[in-house]
Amino acid sequence: MGTAPAQLFPEFLVDTFGLPGVLGEVVAALIAAAVVGNIVLAFTGVAGPWAKRKITAAFTDRIAVNRVGPFGLLIIPAAAVQLLAKELIVPEGVDRPSWDIAPVILPASALLGFSVIPMGRLGPINFHLADPEVGFALVFAFASIASVSLVMAGYASNNKYSLLGGLRAVAQNLAYEIPLIVTAMSVVIFAGTLQMSGIVGAQTTTLVTIAGIDIPAWYAFVNPFAFVLFVTANMAEVGRNPFDIPEAPTEIVGGYQTEYSSAYFVLFYLGEFVHIFLGGAIVAVTFLGGASGPGPESIGFIWFVVKIWGFFLFTQWARAAMPRVRIDQLIEIGWKGMLVLSFANLVLTAVIVGVIA
C-alpha cells in the first residue's frame, strides 16, 4: 500500500468547513491538534493504568486488574480519580516555579513531537498536522526537551535522591541520544530527505518478492542492524528496562519524581507513557514504513496504531524480562558500544548508498 503525500489534517478541516482566512487556518490547526493530542492521551490512558498491568501480569504468570468493571477496564477512571484526589504536598525548600513547571514540560515535549508525525489516513482524514522539510530533525528536538524536565525536577526538589535521578537522566540521555540520532541519519541517507512524508514514501516500494509475496522496502528490512541499534537506543531514551536508571526505586527511591504527588505525579506518569508512544511512532516512521500496510491507503491509521502498540508491547516485555543494568554499565554500553556502532553503521550506509547511486 502506498503512502503518497495527502492533504494535511488542518487543511482538510479548512476545506471541509470553509473556514476563512488566517483565523480559519488557526482554528483548524487548533482543532486538528486537539484531536491528535486526545488520541495520543487516550492511548496513554489505556496503557498506563490498565494495559501495562495486564501485559506484565501475562508475562509473569499472574492475574492483574480484573475486579473493577469488565476485564478490569474501569481501573482507568478509578486510578485517575485516586491519583488526582490525593493531596499535592509541596516539600520545604523546593525551588519554585521550577518545581511546578517540570511536570508540565515532560508530557508537552512528547505531544509536540506528534505534531510532525504522519499517522496515516482513516477514510478521508489524514492524521498529519504539519510536514516541514526538517520534520525529522524537529521530532528529535521536541523529544529531547524531556531532559530539561528531568533535570529541573531533580534539582528543584531539594532531595538528594531526586538530584541523583536527574543527573542519571542527563547522563543516560547524553549516552544514548547521540547514537539514536546518528543511527537515524543513516535512514536520512537512504531516503535523501528530512521530510517525514518523504521518509515514509521512500519505504513504499518493494524490496524483494519471495514466493509471490512482496516484501516492502522498510528500512528495518533494508538495514536490520540499524533497526536493532535504533530500538535499543530508543529504549534508553524512553527509560524502559534495562535502562530505567533515572527512577530506579531500589537505588534512588523514585529518582527525579520522588517529591511529587497528586496531579504533578500524574503528569510525570503521563509524560513517561506519551514518550513511549512517541518512541514507537518514530520507530514506525523511520523503519517500519509509517502507516503503510496491507489494504487500501484509507486504513493506514489503523496500521500505524498497530505498530506503535506493538512497540509498547515490546517495552513491557523488556520490563518483565530484562534486569536493570547498573549506571556504570549503562554509560559504558552507550559510549563504548552504541556510539561506535552507530557511527560505523552511518559510514557503511554512506558507502553503500554512494556506490549504488
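Residues numbered from 1 in each chain as written. Predicted model: local features only at pLDDT ≥ 70, side-chain atom pairs only at ≥ 80, totals over all residues. Heavy atoms only, no water.

- As annotated in an unreviewed UniProt entry, the chain carries the name NADH-quinone oxidoreductase subunit H and is attributed to Halorubrum yunnanense.
- Under Subcellular location (unreviewed entry), UniProt gives the following word-for-word description of the chain: "Membrane". (UniProt positions renumbered as here; feature names shortened; annotations may be inferred.)

1. Points about the packing of aromatic side chains
Part 1: This structure, assessed with the given rule, holds 22 aromatic pairs.
Part 2: Ring geometry for W218 versus F221: centroids 5.8 Å apart, planes at 5°, classification stacked.
Part 3: A relative accessible area of 16% means that W218 is categorised as buried.
Part 4: For F221, a relative accessible area of 42% translates into the label partly exposed.
Part 5: Ring geometry for W309 against F312: centres 5.4 Å apart, planes inclined by 75°, an arrangement best described as edge-to-face. Of the two residues, W309 and F312 both sit in helix 13 (residues 300–321), three residues apart, roughly one turn of that helix.
Part 6: A relative accessible area of 23% places W309 in the partly exposed class. (Phe/Tyr/Trp six-rings, centres within 6.5 Å; stacked < 30°, edge-to-face > 60°. Buried < 20%, exposed > 50% of the residue type's maximum accessible area, 1.4 Å probe, protein only. Helix = DSSP H or I, 4+ residues; strand = E, 2+ residues; numbered from the N terminus.)

2. Quick notes on the packing of helix 12 (residues 262–287) against helix 13
Part 1: Here helix 12 crosses helix 13 at 120°, and the two axes come no closer than 8 Å. Judged by the angle between their axes, helix 12 and helix 13 are oblique. Once helix 12 is placed against helix 13, the crossing between them reads as right-handed. Note on element contacts: helix 13 touches helix 12 through F304, K307, I308, W309, F311, F312 and T315, opposite F273, I276, F277, G279, G280, A281, V283, A284 and V285.
Part 2: A class-by-class count of the residues in the contact of helix 12 with helix 13 yields 12 nonpolar, three polar and one charged. (Axes fitted to C-alpha atoms, helices over the stretch in contact; angles between N-to-C directions. Parallel < 35°, antiparallel > 145°, perpendicular 65-115°, else oblique. Left-handed = near helix turned anticlockwise from the far one by under 90°. Contact = heavy atoms within 4.5 Å. Nonpolar A, V, L, I, M, F, W, Y, C, P; charged D, E, K, R; others polar.)

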